[in-house]
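# Secondary and tertiary structure notes
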Amino acid sequence: MFFSRSKDSVFYQTLVEAASNIVEATQLFRQNVETLEHKEEYAEKLKELENKGDEYTHILLHELNQTFITPMDREDILQLAVKLDDVLDGVEACASRIVYCHVEKTTPYLMQFAEILERSAEFLQESFIALEKRDFTSIRKHSVEINLLENQADRLMRESVGSLFEEPKDPIELIKMKELYEKLEGVSDTTEDLANVLESVVMKYA
């Protein structure tokens, strides 16, 4: 269906659809960590979304190879495609880690991380919608919000990991939760990296 669009529209709309796919993934992840009762099912659904994200990446790479004149510099489109893929991979990896590390009980920290990732994904989606409209002011505003959310994730990581050492715990439980919290903060970092690439595009074309 993508190839019936104009060439410029293919790039913009595929980027929007890739960002929307991330929103769906973060929504599923948040639903998952509310109880962790069906974590295997959620991990499977997230793997399907990751595969879908790979398809969007392949479409963008195919179009870059086939199109002589692109709506943005090729390097910018490639960077955006790669970073979108990185964010989605990170969310899927966290869901998988919950399964194979046998995380059985959710925590308030997991919920807060999930909410931060979901809100960040929503701002990313809005940024890519704004990109096609060349609404650079909105992209800057969304980038500021994503940066603030990443700062929250930083503080949350320090607080969540610190809480693990406040009283004696099963060392295996401590290790797996520490790694999970750090992994979630890393996804937030990657989201901010993507927002920074968008801002660099804005600086170039505004």
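First, a word on what this report is: a plain description of the structure on this page. As the structure is a prediction and not an experimental result, all values here were calculated from the model.

Cut-off values and rules
- Residues numbered from 1 in each chain as written.
- Predicted model: local features only at pLDDT ≥ 70, side-chain atom pairs only at ≥ 80, totals over all residues.
- Heavy atoms only, no water.
- Helix = DSSP H or I, 4+ residues; strand = E, 2+ residues; numbered from the N terminus.
- Rg over C-alpha atoms; globule rule 2.2 N^0.38 Å.
- Buried < 20%, exposed > 50% of the residue type's maximum accessible area, 1.4 Å probe, protein only.
- Areas by Shrake-Rupley, 256 points an atom, 1.4 Å probe, with all protein chains shown as cover.
- Lys, Arg positive; Asp, Glu negative; His and termini not counted.
- Charge placed at Lys NZ, Arg CZ, Asp CG, Glu CD.
- Phe/Tyr/Trp six-rings, centres within 6.5 Å; stacked < 30°, edge-to-face > 60°.
- 1 Å grid on protein atoms, 1.4 Å probe; cavity = no way out; pocket = protein on both sides within 12 Å on 5 of 7 lines; lining within 4 Å.
- Points joined across faces, edges and corners; volume = space filled by probe spheres on them.
- Nonpolar A, V, L, I, M, F, W, Y, C, P; charged D, E, K, R; others polar.
- Axes fitted to C-alpha atoms, helices over the stretch in contact; angles between N-to-C directions.
- Parallel < 35°, antiparallel > 145°, perpendicular 65-115°, else oblique.
- Left-handed = near helix turned anticlockwise from the far one by under 90°.
- Contact = heavy atoms within 4.5 Å.

As a further point, take the overall build of the chain. When helices and strands are tallied, the chain shows 6 helices and 0 strands. Starting at the N terminus and ending at the C terminus, the chain contains elements arranged as α-α-α-α-α-α. Relative to the 2.2 N^0.38 estimate, which gives 17 Å for 206 residues, the radius of gyration of the chain is 18 Å and therefore close to what a compact globule would have. Across its three principal axes, the chain shows a C-alpha extent of roughly 60 × 30 × 20 Å. Relative to its 206 residues, the chain shows a buried fraction of 50%. Per element, the accessible surface of the chain, about 10100 Å² overall, is 51% carbon and sulfur. Computed over 23 positive and 42 negative side-chain charges, the separation of the two mean positions in the chain equals 2 Å.

Quick look at the packing of aromatic side chains now. If you walk through the whole model with that rule in mind, you get 2 aromatic pairs. Between Tyr-109 and Tyr-181 the ring centres are 5.9 Å apart and the planes differ by 75°, which places this aromatic pair in the edge-to-face class. Here Tyr-181 lies in helix α6 (residues 171-205) and Tyr-109 lies in helix α4 (residues 108-132), a separation of 72 residues in the sequence. Arranged with centres 6.0 Å apart and planes meeting at 25°, the rings of Phe-113 and Tyr-181 form a pair that is stacked.

Another aspect to go through is empty space enclosed by the protein. Under the defined criterion, the tally for this structure stands at 3 cavities of 30 Å³ or more. For the largest cavity, the calculated volume is near 70 Å³. Around the largest cavity, the lining residues are Ala-18, Asn-21, Ile-22, Gly-53, Tyr-56, Thr-57, Leu-60, Ala-81, Leu-84, Asp-85 and Leu-88. Elements that contribute at least two residues to the lining of the largest cavity include exactly α1 (7-35), α2 (39-66) and α3 (74-100). Partitioning the lining of the largest cavity into residue classes produces 7 nonpolar, 3 polar and 1 charged. In this structure, the second largest cavity occupies an estimated 40 Å³ of space. Taken together, the residues of the lining of the second largest cavity sort by class into 7 nonpolar, no polar and 1 charged.

Another aspect to go through is the packing of helix α5 (residues 136-164) against α6. For the pair α5 and α6, interaxial distance at closest approach is 9 Å and the crossing angle is 165°. Taken together, the axis directions place α5 and α6 in an arrangement best described as roughly antiparallel. Between α5 and α6 lies a crossing whose hand is left-handed. Partitioned by chemical class, the residues of the contact of α5 with α6 number 15 nonpolar, 5 polar and 9 charged.

With that out of the way, let us pick up the environment of Lys-83. You can see Lys-83 is positioned in helix α3. Between the C-alpha atoms of Lys-83 and Asn-147, which are 64 residues apart in sequence, the distance is 16 Å. Residues within four places of Lys-83 in sequence aside, it is in contact with Thr-190, Asp-193, Leu-194 and Val-197.

We now examine unusual backbone geometry. The backbone of His-102 shows a phi angle near 55°, a positive value even though the residue is not glycine. Locating His-102 in the fold gives a position in the loop between α3 and α4. Positive phi values are uncommon outside glycine, yet Arg-134 reaches one of about 55°. Inspection of the secondary structure assignment puts Arg-134 in the loop between α4 and α5. A relative accessible area of 44% means that Arg-134 is categorised as partly exposed.

With that settled, the discussion passes to the packing of α4 against α5. The N-to-C vectors of α4 and α5 enclose an angle of 165°; their axes lie 9 Å apart at closest approach. Here α5 runs roughly antiparallel to α4, going by the angle between their axes. As α4 packs across α5, the resulting crossing turns out to be left-handed. Residues of the contact of α4 with α5, tallied by class, amount to 14 nonpolar, 8 polar and 4 charged.

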